[in-house]
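# Notes for the structure review
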Amino acid sequence: MHSPTPRAPRRPAATRTELDARLSVELAAAVAAARRRALRDGDRQVDTAHLLHSLIESDPRVRAALGDEAQVARALGYLVQRSIGYGLRWQGSVEDSGAIPVVRGPETDAAGWSPSAVAAMDGAMERADLRGEARAGGIDLLDALASDPGCRAVEVLRRAGVDVALPGRRTSAE
């Protein structure tokens, strides 16, 4: 006799709504684009490179924080090549730099997200909280990404010649 194994309840819809409520309209759109990009590319998880790619494409403040147009173009070039060359070594692996401890809670559902991407999203919301803001913005996420030296987004930025300490210095003065 076969006894069906009970399935764990799924929380993605409720969690996604809770997460989106903590994000600015612009950042929510960038996160949605990162989800679509990961799905379209056949990646198992949204990682920090997906988030960075969407941020650069959608947020002029993020582009300005990264430096000159040549650096932004180089970063986008690396990100665009993800499926044809640069990111091939990432395929089939889970991004987890281990640099930032991941705390999973109701704000972020780790299903479909790399541990580093979860940590970056949590970090962005924490940065907004520290400023007394209810919603995190693109700069908050950029700073959270830049604070994890082992994540894929930082690897791309370094290869593009972007000083990864620069976003935090530039945006903290705002």
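Residues numbered from 1 in each chain as written. Predicted model: local features only at pLDDT ≥ 70, side-chain atom pairs only at ≥ 80, totals over all residues. Heavy atoms only, no water.

## Observations regarding the pattern of salt bridges
As a reminder, the rule being used: One speaks of a salt bridge when a side-chain nitrogen belonging to Lys or Arg is within 4 Å of a carboxyl oxygen belonging to Asp or Glu. The numbering of helices and of strands both runs from the N terminus, where a helix is a DSSP run of H or I of at least 4 residues and a strand a run of E of at least 2. Each residue is placed in one exposure class: buried if its accessible area under a 1.4 Å probe, protein chains only, is under 20% of its type's maximum, exposed if it is over 50%, and partly exposed if it falls in between.
For the coordinates displayed, the defined rule picks out five salt bridges. A salt bridge links Arg37 to Glu57; the nearest nitrogen and oxygen atoms lie 2.9 Å apart. Here Arg37 is found in helix H2 (residues 25-41), whereas its partner Glu57 is found in helix H3 (residues 48-58), with 20 residues between them in sequence. Residue Glu57 is classed as partly exposed on the basis of its relative accessible area of 46%.

## Focus: helix H8 (residues 152-159)
We count it as follows: A contact between two residues is defined here by any heavy atoms of the two lying within 4.5 Å.
Burial in H8 covers these residues: Arg152, Ala153, Val154, Val156 and Leu157. On its buried face, H8 is in contact with H3, helix H4 (60-66), helix H5 (69-80) and helix H7 (138-146). Directly beyond the C-terminal end of H8, a positive phi value near 85° is found at Gly161.

## Observations regarding helix H6 (residues 115-130)
Where we set the bar: For a helix, the expected span equals 1.5 Å multiplied by the number of residues minus one.
Along its 16 residues, H6 runs 22 Å from first to last C-alpha, staying within 8% of the 22 Å computed at 1.5 Å per residue. With respect to burial, H6 is a largely interior element, twelve of its 16 residues being buried. For H6, the full list of buried residues reads Pro115, Ser116, Ala117, Val118, Ala119, Ala120, Met121, Asp122, Gly123, Ala124, Met125 and Ala128. Residue Gly132 follows H6 closely and has a positive phi angle near 80°.

## Observations concerning the confidence of the model for the chain
Interpreting fine coordinate detail is not advised for predicted regions of low pLDDT. Inclusion rule: Residue-level confidence of the predictor, termed pLDDT, takes values from 0 up to 100.
Residues at a pLDDT of 70 or more form 68% of the chain, whose mean pLDDT is 77. Taken as a whole, residues 1-14 scores under 50 in pLDDT and shows three contacts with residues more than four places along the chain or in a different chain. Here residues 169-174 scores under 50 on pLDDT; set against residues more than four positions off or in separate chains, the count is nine contacts.

## With respect to the packing of H5 against H8
Rule in force here: Under this scheme, a helix contributes an axis fitted over its contacting stretch, all axes are lines through C-alpha atoms, and angles between N-to-C directions fall in the 0 to 180 degree range. We call two directions roughly parallel when the angle between them is under 35 degrees, roughly antiparallel when it is over 145, roughly perpendicular when it lies between 65 and 115, and oblique otherwise. Crossings are classed by handedness, with left-handed meaning an anticlockwise turn of the near helix from the far one by less than a right angle and right-handed meaning a clockwise turn. Residue polarity is assigned by list, with Asp, Glu, Lys and Arg as charged and Ala, Val, Leu, Ile, Met, Phe, Trp, Tyr, Cys and Pro as nonpolar; anything else, Gly included, falls into the polar class.
Two elements in contact, H5 and H8, have axes separated by 8 Å at closest approach and are oriented at 130°. Taken together, the axes of H5 and H8 are oblique relative to one another. The element H5 and its partner H8 pack so that their crossing is right-handed. Within the contact between the two elements, H5 uses Ala75, Tyr78 and Leu79 and H8 uses Val156, Leu157 and Arg159. For the contact of H5 with H8, the per-class residue count stands at five nonpolar, no polar and one charged.

## Overview of the nonpolar core
How we decide: Nonpolar core, defined: a set of buried Ala, Val, Leu, Ile, Met, Phe, Trp, Tyr and Cys residues in which side-chain atoms within 4.5 Å join the residues together.
Leu23, Leu51, Leu52 and Leu141 are the most contacted members of the largest nonpolar core, which totals 42 residues. The element contributing the most residues to this core is H6, with seven residues. In this structure, Leu23 is in contact with Ala28, Val31, Met121, Met125, Arg135 and Ala136, ignoring residues within four places of it in sequence.

## Details of the environment of Ala70
Along the chain, the position of Ala70 falls in helix H5. C-alpha separation for the pair Ala70 and Val162, spaced 92 residues apart in sequence, amounts to 9.9 Å.

## Describing the environment of Gly137
By the secondary structure assignment, Gly137 is in the loop between H6 and H7. Along the backbone, Gly137 and Leu27 are 110 residues apart, and their C-alpha atoms lie at a distance of 5.4 Å. Not counting the four nearest positions on each side in its chain, Gly137 is found in contact with Ser24 and Leu27.

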